[in-house]
Amino acid sequence: MKIVIGSDERGSALKDTLKELLDSRGIDTQDLGAQTGGDDDRTVSKRVAEHVSNGSADQGILVWSSGRALAHEANRHPHVRATLCCTPHMAKIARSRNDGNLLILGADLLDPDEGIEVLNEWLGSQVKQSPLPTSAQPLVSEPAAPRPAFVKKEILEANDPEIFEAIQGEQKRQRNTLVLIASENYASSAVNAAQGSVMGNKYAEGYHGKRYYNGCEFVDVAEELAIKRAKEIFGVDHVNVQPHCGSTANMAVYGAVLSPGDSILAMSLDHGGHLTHGHPLSFSGKVYNIVPYGVTRESERIDMEQLAALAREHKPRLIVVGASAYSRILDFEAFRAIADEIGAMLMADIAHIAGLIATAAHPDPAPFCDFVTTTTHKTLRGPRGGMIMCRQEYAKAIDREVFPGLQGGPAMHTIAAKAVSFGEVLRPEFKSYIQQVIDNARVFSEVLSSGGIRIVSGGTDNHLFMADVTPLGLTGRDASSALEAAGIAVNKNSIPFDPNPPAIGSGIRIGTPAVTTRGMGEGEMRFIAAKFIEVFGSIGDEGRLRAIGEEVAEFSARFPVP
Ligand code: DSN
């Protein structure tokens, strides 16, 4: 067996260690070197993938700073099945189930011992189609000691088999299903490790330097890092990382600067807004006087003329810009001009597009908005949670409204995980990830459109799009249920001016963040979109839907979840 190995600069020390180990075991290993160009220079990774692709090497190893973006690129080469492996278990699955032939290791994610452990598992795991020749010696004679994550799993299994089983089931579901729900994503193992950490045991009511509990020195580090990194990402004056979710983040902004009964101009849920932008059943619609705006019937883009007219007529104290089902660029500057004209404050809710803003793939709200709220688990790919950013003049009011206004003790384990994910966002690989998310959404929408499905507003500029399935004689509910039967998860959604009630809807919302995290690119989007069309043509044919489901599961298994 021949292995080619290469790295970037940060990965070169671990690469050298692994090369030495492979040599000492008598495995024919060719070192293709450490990339010396900038982050965009992928000469070495390309060469490694080419060797595996054209069969001049049986296997490849790439040791990169974090390695996330490499899997997309390497998998574009024919016959290459590349996987980023952060644990021995991931290596085992990638080899035994997916017949992986290119191991990617993140030098920033692993210490040398962990890297060796992952490689040992990779080489020692049974290969589905092309087993290691018997001449190749397994690298370890004894099984590696279980990693801490594994131990925790075993403890949970022994302690609470019912919950353990439910978690196992969910893990399997996430692995075997194609998740195209626009608001979902897979956090990294590092984020999950922080979230499952002992920081969850700590009460830390208050803020750094003004805590109501002793013993906060370590959770302070986590919170300070989360704030520092968020400021660096979004270029804002002040950050509060304590909101438990996007809804409490929005609630805190409203509560900090408005009084009950004040008017808020916000996008209606029917046209793509969010529950907390004034739905009558949400606190926002109950406490405040909501003036809804929407999109035009023709363009299905935000009707800026209607918005300006409503602003002049109702003089809201706050205008909210942001959406959960809108596929076009938000023009924050134009919103600011309208807010200034009537002396209103402006809040951007960027929960869906935070990852795009973080990487400059969408215009920046910070220069134009008084407040920016977000969740941290969608395109930002962090733990489930919320965050508020604001201009300095509102800092005190916002902090006071979050604690003690709305919340008691902050979830310090989640805050630590927010810090970890923000660290990941700051790496160059995250930018490539987001670009791929956007390219994937565009290609996906184009294939569906050529299959007779109407794309709301004619396309997408971001990570999601809305597909009107009525031209096929379907409702959103029919379409989402049929897709579910074939192992594909989307959500039914109202489209603007929808004649169907929300529980039925005329559309489905499709987003690409989660499948892109699994390493899928445009080719895979074409495959999945083609399956959508097949599913829609097979409604009522249970056998055919099951067969498509089997194909989907097989396809899905090639792309490990983090
Ligand atoms: N429920 C989320 C979504 O799916 O967009 C927003 O909070």
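Caption draft 1: Layout of unusual backbone geometry. Phe-403 connects to Pro-404 through a cis peptide bond whose omega is 5°. Relative to the helices and strands, Pro-404 is located in helix α15 (residues 395-406). The backbone of His-79 sits at a positive phi, close to 70°, despite the residue not being glycine. Relative to the assigned elements, His-79 resides in the loop between α3 (68-74) and β4 (82-84). According to the relative accessible area criterion, His-79 is exposed, its value standing at 57%. Positive phi, close to 45°, is recorded for Lys-315, a residue that is not glycine. With respect to the element layout, Lys-315 can be found in the loop between α12 (304-314) and β12 (318-322).

Caption draft 2: Spatial organisation of the packing of helix α18 (residues 476-485) against helix α20 (residues 522-536). As a packed pair, α18 and α20 sit with axes 10 Å apart at the nearest point and diverge in direction by 110°. Looking at the two axes, α18 sits roughly perpendicular to α20. Considering the relative orientation of α18 and α20, their crossing is right-handed. Contacts between α18 and α20 involve Ala-479, Ala-482 and Leu-483 from the former and Phe-532, Val-535 and Phe-536 from the latter. Residue classes in the contact of α18 with α20 are distributed as six nonpolar, no polar and no charged.

Caption draft 3: Quick look at empty space enclosed by the protein. Applying the stated rule across the entire model yields three cavities of 30 Å³ or more. Of the volumes computed, that of the largest cavity is approximately 90 Å³. Along the wall of the largest cavity there are 14 residues; nearest its centre are His-271, Ala-325, Tyr-326, Val-456 and Met-466. Residue composition of the lining of the largest cavity, grouped by class: six nonpolar, six polar and two charged. For the second largest cavity, the calculated volume is near 80 Å³. Taken together, 14 residues form the lining of the second largest cavity, with Ala-323, Tyr-326, Leu-330, Ile-353 and Asn-462 sitting closest to its centre. Its residues assigned to classes, the lining of the second largest cavity comprises six nonpolar, six polar and two charged.

Caption draft 4: Seen up close, the sheet that holds strand β10 (residues 263-267). Strand order across the open sheet formed by seven strands is β9-β15-β14-β13-β12-β10-β11, with mixed pairing between neighbours. The open sheet terminates on both sides in strands that have one partner only, identified here as β9 (238-240) and β11 (289-293). Strand-to-strand, the axes of this sheet are offset by a mean angle of 20°, without reference to chain direction. Note: β9 against strand β15 (residues 386-390), three bridges, orientation antiparallel. Counted as the bridge partner of His-238 is Cys-390 from β15.

Caption draft 5: Just the sheet that holds strand β16 (residues 454-455), in detail. On the basis of which strands lie adjacent, the open sheet formed by four strands has the order β16-β17-β20-β19 and antiparallel pairing. Where the open sheet ends on each side, the last strands, each with one partner, are β16 and β19 (491-493). As defined by bridge partners, β19 adjoins strand β20 (residues 507-511) across three bridges and the pair is classed as antiparallel. Directly across from Lys-492, in β20, lies its bridge partner Ile-508. Seen against the sheet, α18 touches β19 and β20 and runs at an angle of roughly 45° to β20.

Caption draft 6: How the structure looks around the pattern of salt bridges. Throughout the structure, instances matching the rule amount to 23 salt bridges. Its salt-bridge partner being Glu-73, residue Arg-42 comes within 2.4 Å of it at the nearest N-O pair. Placement of the pair is Arg-42 in the loop between β2 (28-34) and α2 (43-53) and Glu-73 in helix α3, with a sequence separation of 31 residues. Owing to a relative accessible area of 25%, Glu-73 belongs among the partly exposed residues under this scheme.

What counts, and at which threshold
Residues numbered from 1 in each chain as written. Predicted model: local features only at pLDDT ≥ 70, side-chain atom pairs only at ≥ 80, totals over all residues. Heavy atoms only, no water. Helix = DSSP H or I, 4+ residues; strand = E, 2+ residues; numbered from the N terminus. Buried < 20%, exposed > 50% of the residue type's maximum accessible area, 1.4 Å probe, protein only. Axes fitted to C-alpha atoms, helices over the stretch in contact; angles between N-to-C directions. Parallel < 35°, antiparallel > 145°, perpendicular 65-115°, else oblique. Left-handed = near helix turned anticlockwise from the far one by under 90°. Contact = heavy atoms within 4.5 Å. Nonpolar A, V, L, I, M, F, W, Y, C, P; charged D, E, K, R; others polar. 1 Å grid on protein atoms, 1.4 Å probe; cavity = no way out; pocket = protein on both sides within 12 Å on 5 of 7 lines; lining within 4 Å. Points joined across faces, edges and corners; volume = space filled by probe spheres on them. Pairing = 2+ DSSP bridges. Salt bridge = Lys/Arg side-chain N within 4 Å of Asp/Glu carboxyl O.

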